[in-house]
Amino acid sequence: QVDLVESGGGLVQAGGSLRLSCAASGRTFSTYTMGWFRQAPGKEREFVAAISKNGGIVDYAESVKGRFTNSRDNAKNTVSLQMNSLKAEDTAVYYCAATSKAYVYPKQRDFYDYWGQGTQVTVSS
């Protein structure tokens, strides 16, 4: 069991930046593959980024490549999502997710076992 708490969301103008963090408690953080997903109103929850247990593999959705950076600090039990050059279409609730499975299907929602409560990101155009 692991509890996930996201923070760092807010309102930002287009072109601006935000940094989301996800703090994990429970079992050893380094044993979890971590992912970020987002859900805009009326849309399905979609993959944003994922990072392997030791941080050696990172994947991004095409829509955020080159703008978002996913990282983790296993000593601090946190994973972060640095979001730059934000666009109006990035507006969504952002969720942190975790699984103890190996890094096999990190882009699939049902691959993850634990989810945070989400944090709202609103980008004004």
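Data block above holds the structure.
A quick note: this is a predicted structure, and the numbers were derived from the prediction, not measured.

Participant: Give a description of the pairing of strand β5 (residues 46-51) that names residues and reports values.
Facilitator: With five of its six residues buried, β5 lies for the most part within the structure. Alignment of strand β4 (residues 33-39) against β5, held across five bridges, turns out to be antiparallel. The residue bridging Arg-38 from the neighbouring strand is Glu-46, located in β5. Linking two consecutive strands that pair antiparallel, namely β4 and β5, is a turn of six residues; a positive phi of about 75° is found at Gly-42 within it. Of the pairings in the sheet, the one linking β5 to strand β6 (residues 58-60) comprises three bridges and is antiparallel in character. Counted as the bridge partner of Ile-51 is Val-58 from β6.

Participant: Break down the nonpolar core for me, with residues and values.
Facilitator: One recurring pattern in soluble globular proteins is that nonpolar side chains are buried together. Of all hydrophobic cores here, the largest spans 35 residues; its most connected members are Met-34, Leu-81, Met-83 and Tyr-94. Where this core is concerned, the elements lending two or more residues are β1 (2-7), β3 (18-26), β4, β5, β8 (78-83), β9 (92-99) and β11 (119-124). The contacts of Tyr-94, once residues within four sequence positions are left out, are Glu-6, Leu-20, Phe-37, Arg-38, Val-48, Phe-68, Leu-81, Met-83, Gly-118, Thr-119 and Val-121.

About the cut-offs
- Residues numbered from 1 in each chain as written.
- Predicted model: local features only at pLDDT ≥ 70, side-chain atom pairs only at ≥ 80, totals over all residues.
- Heavy atoms only, no water.
- Buried < 20%, exposed > 50% of the residue type's maximum accessible area, 1.4 Å probe, protein only.
- Helix = DSSP H or I, 4+ residues; strand = E, 2+ residues; numbered from the N terminus.
- Pairing = 2+ DSSP bridges.
- Core = buried A, V, L, I, M, F, W, Y, C linked by side-chain atoms within 4.5 Å.
- Contact = heavy atoms within 4.5 Å.

Honestly, it's all geometry; don't read function into it.
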